[in-house]
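Okay, here's what each chain looks like letter by letter:
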Amino acid sequence: MSIFSLCLLLCAVLLDLAAGYLTVTIEPLPPVVVGETVTLKCNFKTDGRLREIVWYRVTDGGTIKQKIFTYDAMFNTNYSHMEDYRKREDLVYQTTVRLPEVRISDNGPYECHVGIYDRATREKVVLASGNVFLTVMSPPNNISVVAENTPAPFSRYQAQNFTLICTAKGGKPAPSVYFKRDGELIEVISYTQPSAGDQGGGSAWFRGARPLISRDLDETKLQRSLSLLDPESRSAHLYTERPQRVRTQGLRASEPSPATEVIPETVVSREFPRWVHSTDPLYYFSHTHIPQSDGSVVVQARLTWTLNPQLDNDALFSCEVKHPALSMPMQTEVTLAAPKGPKLYMTPSRAKVGDTVRITVQGFQNEVFPEPLFTWTRVGSRLLDGSTERDGKELILERVPAELNGSMYRCTAQNPLGSTDTHTRLIVFENPSMMKNTQSQNSGASHMNAAGGLTWMALVLTVTVELT
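Structural notes, computed from the coordinates. (Residues numbered from 1 in each chain as written. Predicted model: local features only at pLDDT ≥ 70, side-chain atom pairs only at ≥ 80, totals over all residues. Heavy atoms only, no water.)

A word on the overall build of the protein. Across its full length, the protein carries 5 helices and 28 strands. Evaluated residue by residue, the protein yields a buried proportion of 37% over its 468 residues. The contacts of the protein with a sequence gap of at least 6 include a subset with a gap of at least 24, amounting to 67%. A total accessible area of about 27,600 Å² is found for the protein, and carbon and sulfur atoms account for 54% of it. (Helix = DSSP H or I, 4+ residues; strand = E, 2+ residues; numbered from the N terminus. Buried < 20%, exposed > 50% of the residue type's maximum accessible area, 1.4 Å probe, protein only. Contact = heavy atoms within 4.5 Å. Areas by Shrake-Rupley, 256 points an atom, 1.4 Å probe, with all protein chains shown as cover.)

Both strand β4 (residues 49–59) and strand β5 (residues 64–72) contribute to a ladder of 8 bridges, which runs antiparallel. In the strand pairing of β5, E52 is matched with D72. Where β4 folds back on β5, the antiparallel hairpin that results is connected by 4 residues, among which D60 adopts a positive phi of roughly 55°. The pairing of β5 with strand β6 (residues 77–80) spans 4 bridges and is classified as antiparallel. Counted as the bridge partner of F69 is S80 from β6. Between β5 and the antiparallel strand that follows it, β6, lie 4 residues; N76 among them carries a positive phi value of about 55°. (Pairing = 2+ DSSP bridges.)

A few words on the nonpolar core. Ranked by internal contacts, the top residues of the largest apolar core, which has 27 residues, are L164, V177, F179, W305, F317 and L336. Where this core is concerned, the elements lending two or more residues are β12 (142–147), β13 (161–171), β14 (176–181), β18 (283–291), β19 (297–306) and β20 (316–322). Element by element, the count of residues in this core is highest for β19, at 5 residues. With residues up to four places along the chain from it excluded, the contact list for F179 reads L164, C166, L185, I186, F285, A301, R302, L303, S318 and C319. Among the nonpolar cores identified, the runner-up in size contains 24 residues, and L22, L40, Y71 and V136 belong to it. (Core = buried A, V, L, I, M, F, W, Y, C linked by side-chain atoms within 4.5 Å.)

It is worth spelling out the side chain of T70 at this point. Summarising the element assignment, T70 is placed in strand β5. By relative accessible area, T70 is classed as buried at 3%. For T70, the residues in contact, after removing those within four places along its chain, are E52, I53, V54, T77, N78, Y79 and H81.

Okay, the pattern of salt bridges next. In the structure shown here, the tally under the stated rule is 10 salt bridges. Across the salt bridge formed by D72 and R51, the nearest N and O atoms sit 2.7 Å from each other. Placement of the pair is D72 in strand β5 and R51 in strand β4, with a sequence separation of 21 residues. Residue class for D72 comes out buried when judged on its relative accessible area of 11%. Classification of R51 as buried rests on a relative accessible area of 18%. A network of salt bridges, in which partner residues are shared, links R181, D182 and D312. (Salt bridge = Lys/Arg side-chain N within 4 Å of Asp/Glu carboxyl O.)

This next bit is on the state of the cysteines. What the rule picks out here adds up to 2 disulfides. Across the disulfide from C42 sits C112; the S-S distance is 2.1 Å. What sets the handedness of the C42 and C112 disulfide is the S-S torsion sign, and at about -90° it is left-handed. One end of the pair, C42, is in strand β3 (residues 38–46); the other, C112, is in strand β9 (residues 108–117), with 70 residues separating them in the sequence. When its relative accessible area of 0% is taken as the criterion, C112 is described as buried. Here C166 connects covalently by a disulfide to C319, the sulfurs 1.9 Å from one another. On the sign convention where negative is left-handed, the bridge of C166 and C319, at about -75° about the S-S bond, is left-handed. Linking C166 in strand β13 with C319 in strand β20, this pair joins segments that are 153 residues apart in sequence. Summarising the burial analysis for this pair, C166 and C319 share the class buried. In the protein, the bonded cysteines, taken in the order they occur along the sequence, pair up as 1-2, 3-4. (Disulfide = S-S within 2.5 Å.)

Take the sheet that holds β12 next. The sheet built from 5 strands is open, its strands ordered β12-β13-β19-β18-β16 with mixed pairing. The open sheet is flanked by β12 and β16 (188–190), the only strands paired with a single partner. Between one strand axis and the next, the sheet turns by 25° as a mean value, whatever way the strands run. Pairing of β16 with β18, which is carried by 3 bridges, proceeds in the parallel orientation. (Axes fitted to C-alpha atoms, helices over the stretch in contact; angles between N-to-C directions.)

Rendered as structure tokens:
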């Protein structure tokens, strides 16, 4: 090696010693849960004199670096660059920053930049940096179960598919969702949810259900259905033909009288549907992930099977959600139940001719899921507006005439599990105010007729006198 080469090598070594060395490392962070406190620690080694330490948050895929905290070693001061967003950073020891109560928006990469003075010039700053990724997890904050396409009618003769939808909101990353029936995990067949156009073909995209085993038949439900028959095994019927009109003329005003007569409910369609066999249902499962602007994911899980009212009535279905931020699964549950006897409430309690009467469903004798469909009819005739039936939880009869006295109304509540009827009779009382108005109009007309007759007689006498 020549002397010239040795000199160059010696100069390089001397320059390197003059510049000093600087290395920066950051310890990796485990995932944290929203609300926890995170400590970002920047480790560096150098033989130079520290100038500053700056923390950055990297956004938009690394294209934007937002300065969040600075330590100035020259003046031994530190300050946050996040004043506009409420100061949330604390300097623990020069290189260490604590983020209390982290949010989902804090998720992402961070960089620590360390600067030292160049020992050769004392003016030039030598920089080195390290980076770390902060993963913020958020457990679901809301889960719910609803029935798809409800309210829906009950069909005694045709099998129909039934779908439960479980929605989990606020989770990051996306949680896992699964269904249980009566506390036991349901074995499902996963499928890809078809488009809206494919679903228009009915239930053809489902495979046929296998026959149910006979030991699964519920004898208690059979007995309950048989109890609706009279001792001669004939169906019990509610007598509603030719409702007897109630006379109100003889009632005294002080005598209390109900405006409605509560008719015992008649349960219809509670016998076994004609299409049901002994079957073991197949459950089909699908789920979709919907990303949200805050980084969380909404998960919708769907469980579909061919409904069997004989076996599914009173069945408990639960949706459970697992997430790494949860120590135990979240759960919500629903019990499938057919409606039994809606409770009807009528206002006013004492209806008079000309009043507007409202018959409203106030509740049920049991909890009902899914949501029932309500249909109102008038027994033996049309409704007041001329229609044959009306949907909704309330039936409004405007300005009821006296002819509706004694008429009976039927409220049919049904969901895919069954149907039930409840009847109520409307009793209309005379309206004293309307009677007074009628009497005053009649008396006024008679006075006018009398006055007109006297005027006519005076006119005739006057003409007769003038002629004579």
